[in-house]
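Coordinate inspection notes
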Amino acid sequence: GDSVTQMEGPVTLSEEAFLTINCTYTATGYPSLFWYVQYPGEGLQLLLKATKADDKGSNKGFEATYRKETTSFHLEKGSVQVSDSAVYFCALSDKGGTSYGKLTFGQGTILTVHP
Amino acid sequence: ETGVTQTPRHLVMGMTNKKSLKCEQHLGHNAMYWYKQSAKKPLELMFVYNFKEQTENNSVPSRFSPECPNSSHLFLHLHTLQPEDSALYLCASSPQVSGVGETQYFGPGTRLLVL
């Protein structure tokens, strides 16, 4: 079945540091890929997405490129801020198999940014 | 109000109690979802409704009973829960279930504690 694997957290960085959170996936079809973010005490919000190979999603300085050859969708940001502290979830939506249209999530990565 | 709202935000219940969680979306969407978020585990999809019809029951125990009276409202009725059911319960909506690549919009969740 479909699965998403994220790098283990927590990740702790200083403000203005470079961020990478790795995400790889397994899917039976041609999935769309997402990054969601969950700020403390809130639900999940879409951060960015990509719907086909080589697409790059970007938002709020975050970027991720859909790499079909490596089945990856790593999240990057050049300079993090304290306000980026949150839990980040990689997810996929697959058109194949039994998971049609539904999201499969990774386990989440906690990011803490210190001033 | 806009977006997806959930009530209550926090709930403490005994194992013999009966309670209900409510979700309302103000986005004009046709699909609604219940997810369970437990510590150190990926989000688990519980139920999916599309145009008020249940299209997915992800092997959820019968002590969880969903109800979708219309496309804007979704309930989760709880009875005789176990302590391991303590978690954050998230509701989400999307325009429809069939669209791969569609964004799901999440509510803030209900934090449930079963004593």
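What counts as what
- Residues numbered from 1 in each chain as written.
- Chains lettered and ligands numbered in written order.
- Predicted model: local features only at pLDDT ≥ 70, side-chain atom pairs only at ≥ 80, totals over all residues.
- Heavy atoms only, no water.
- Helix = DSSP H or I, 4+ residues; strand = E, 2+ residues; numbered from the N terminus.
- Buried < 20%, exposed > 50% of the residue type's maximum accessible area, 1.4 Å probe, protein only.
- Contact = heavy atoms within 4.5 Å.
- Buried area = accessible area lost by both parts, 1.4 Å probe.
- Salt bridge = Lys/Arg side-chain N within 4 Å of Asp/Glu carboxyl O.
- Polar contact = N/O pair within 3.5 Å; in protein donor to acceptor, adjacent residues only side chain to side chain.
- Core = buried A, V, L, I, M, F, W, Y, C linked by side-chain atoms within 4.5 Å.
- Disulfide = S-S within 2.5 Å.

Looking along the chain, the bond that leaves Gly-9 of chain A and enters Pro-10 of chain A is cis, with omega of -10°. Tracing the chain through its elements places Pro-10 of chain A in the loop between β1 (3-6) and β2 (11-14). With omega at -10°, the peptide bond leading from Thr-7 of chain B into Pro-8 of chain B counts as cis. Within the secondary structure, Pro-8 of chain B sits in the loop between β1 (4-7) and β2 (10-13).

Position of Leu-46 of chain A relative to the elements: it lies in strand β6 (residues 44-50). You can call Leu-46 of chain A partly exposed: its relative accessible area is 29%. With residues up to four places along the chain from it excluded, the contact list for Leu-46 of chain A reads Phe-34, Trp-35, Tyr-36 and Asn-59 of chain A together with Thr-103 of chain B.

On to the interface of chain A and chain B. Facing 22 residues of chain A, the contacting portion of chain B comprises 21 residues. In total, chain A and chain B occlude about 1600 Å² of area from one another, counting both sides; carbon and sulfur atoms represent 58% of this. When residues of chain A are sorted by the area they lose upon contact with chain B, Leu-44, Lys-102 and Phe-105 of chain A head the list and together hold 29% of the total. Seen at the junction of chain A and chain B, the total is zero salt bridges. Remark: the boundary between chain A and chain B carries four residue pairs in polar contact (both at pLDDT 80 or more). Every element with two or more residues in the side of chain A that touches chain B is listed here: β5 (32-38), β6, β10 (86-93) and β11 (103-105) of chain A. Element by element, the count of residues in the side of chain A that touches chain B is highest for β5 of chain A, at four residues.

Time to look at the nonpolar core. Membership of the largest hydrophobic core comes to 26 residues, with the highest contact counts inside it found for Leu-19, Trp-35, Leu-47, Leu-48, Phe-73, Leu-75 and Tyr-88 of chain A. Elements with a minimum of two residues in this core: β2, β3 (19-21), β4 (23-26), β5, β6, β8 (62-65), β10 and β12 (109-114) of chain A. In terms of residue count, the dominant contributor to this core is β10 of chain A (four residues). Core analysis: the second largest hydrophobic core is formed by 22 residues, Met-46, Leu-78, Ala-87 and Tyr-89 of chain B among them.

Scanning the model with the defined rule gives two disulfides over all chains in all. The partner cysteine of Cys-23 of chain A in its disulfide is Cys-90 of chain A, sulfur to sulfur 1.9 Å. Across the S-S bond linking Cys-23 of chain A and Cys-90 of chain A, the dihedral sits near -70°, which makes this disulfide left-handed. On the criterion of sequence distance, the pair formed by Cys-23 of chain A in strand β4 and Cys-90 of chain A in strand β10 is long-range, its members being 67 residues apart. Here Cys-23 of chain A matches Cys-90 of chain A in class, with each residue buried. Sulfur-sulfur distance for the disulfide between Cys-23 of chain B and Cys-91 of chain B comes to 1.9 Å.

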